[in-house]
Amino acid sequence: MNQWEEFLAPYKQAIDELKIKLKGLRKQYESSDRPSPIEFVTGRVKPISSIIDKANQRNIPFDRLREEMYDIAGLRMMCQFVDDIDVVVELLRQRQDFEVVEERNYVEYTKESGYRSYHVIISYPIETLHGQTNILAEIQIRTLAMNFWATIEHTLRYKYDGDYPPEIRNRLERAAEAAFLLDEEMSEIREEIQEAQEYYSRQKSNKHKHD
């Protein structure tokens, strides 16, 4: 096993374990017939090239990566509605299997670019052959609209190395405003949406029973 594989192994283990645990929250809501604040959960370990680039940009020595780079292990929890984000954050705060060490609220305090998301940085214990070790992981909680915008912005940032042409910057700002308005509108008709989803689920369940 090379040095990078050995270094990243606990992070990969953390992603696998946390995805199962956080997806389990959604299943608990479904089994109790309550609307789930969690739409879906994804996770990834940052690619080695991205770790090296970020370490160089932030002047993080390689022997301090575990202590100073908090997003090598990254998870995203998607919500339908903005209000669900607060519910999910509170669920994370109450958990006993990891410790929340920092929170960054980019939903209320939107970045200048228009980026919105809620970041929770946790310290997660991993059991290894050499004993227990704690690693940092970042959980991003956002709506589907926020995620769509952030994914596009992330791709463009790589293309232009963060230095957008004015027209692209203006379009991104307008798109961020459109995503914000979409979230606002969805929140306004939340009850209608959830009633429709429950009705659809019942119809689907009844159809399967009769098939």
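Being a predicted model, the structure only gives us computed values, none of them experimental.

What follows concerns the layout of surface pockets. In this model, the largest pocket occupies a volume close to 1100 Å³. Taken together, 33 residues form the lining of the largest pocket, with Lys-46, Lys-54, Asp-71, His-154 and Arg-157 sitting closest to its centre. Only strand 1 (40-45), helix 2 (48-58), strand 2 (73-79), strand 5 (131-143) and helix 5 (144-160) provide two or more residues apiece to the lining of the largest pocket. The element best represented in the lining of the largest pocket is helix 5, accounting for six residues. By residue class, the composition of the lining of the largest pocket is eight nonpolar, eleven polar and 14 charged.

Our focus in this paragraph is the nonpolar core. If you look at the biggest cluster of nonpolar residues, it comprises 36 residues, and the most contacted ones within it are Met-77, Leu-92 and Ile-141. Broken down by secondary-structure element, the contributors of at least two residues to this core are helix 1 (3-31), helix 2, strand 2, helix 4 (82-94), strand 4 (118-128) and strand 5. In terms of residue count, the dominant contributor to this core is helix 1 (eight residues). Leaving out residues up to four positions away in the same chain, Leu-92 has contacts with Leu-22, Met-77, Phe-98, Val-100, Val-120, Ile-139 and Ile-141. Counting seven residues, the second-largest nonpolar core is a separate cluster that includes Tyr-106, Tyr-115, Tyr-164 and Ala-176.

The subject of this paragraph is the sheet that holds strand 3 (residues 99-105). The sheet built from five strands is open, its strands ordered 1-2-5-4-3 with mixed pairing. A strand with exactly one partner marks an edge of an open sheet, and here the two such strands are strand 1 and strand 3. Going from strand to strand, the sheet's axes swing by 25 degrees on average, the running direction of each strand aside. By the bridge criterion, six bridges tie strand 1 to strand 2 in an arrangement that is antiparallel. Each bridged residue has a counterpart across the sheet, and for Thr-42 the counterpart in strand 2 is Arg-76.

Each value, and the rule that gives it
- Residues numbered from 1 in each chain as written.
- Predicted model: local features only at pLDDT ≥ 70, side-chain atom pairs only at ≥ 80, totals over all residues.
- Heavy atoms only, no water.
- 1 Å grid on protein atoms, 1.4 Å probe; cavity = no way out; pocket = protein on both sides within 12 Å on 5 of 7 lines; lining within 4 Å.
- Points joined across faces, edges and corners; volume = space filled by probe spheres on them.
- Helix = DSSP H or I, 4+ residues; strand = E, 2+ residues; numbered from the N terminus.
- Nonpolar A, V, L, I, M, F, W, Y, C, P; charged D, E, K, R; others polar.
- Core = buried A, V, L, I, M, F, W, Y, C linked by side-chain atoms within 4.5 Å.
- Buried < 20%, exposed > 50% of the residue type's maximum accessible area, 1.4 Å probe, protein only.
- Contact = heavy atoms within 4.5 Å.
- Pairing = 2+ DSSP bridges.
- Axes fitted to C-alpha atoms, helices over the stretch in contact; angles between N-to-C directions.

Such coordinate-based values are descriptive only and should not be taken to indicate function.
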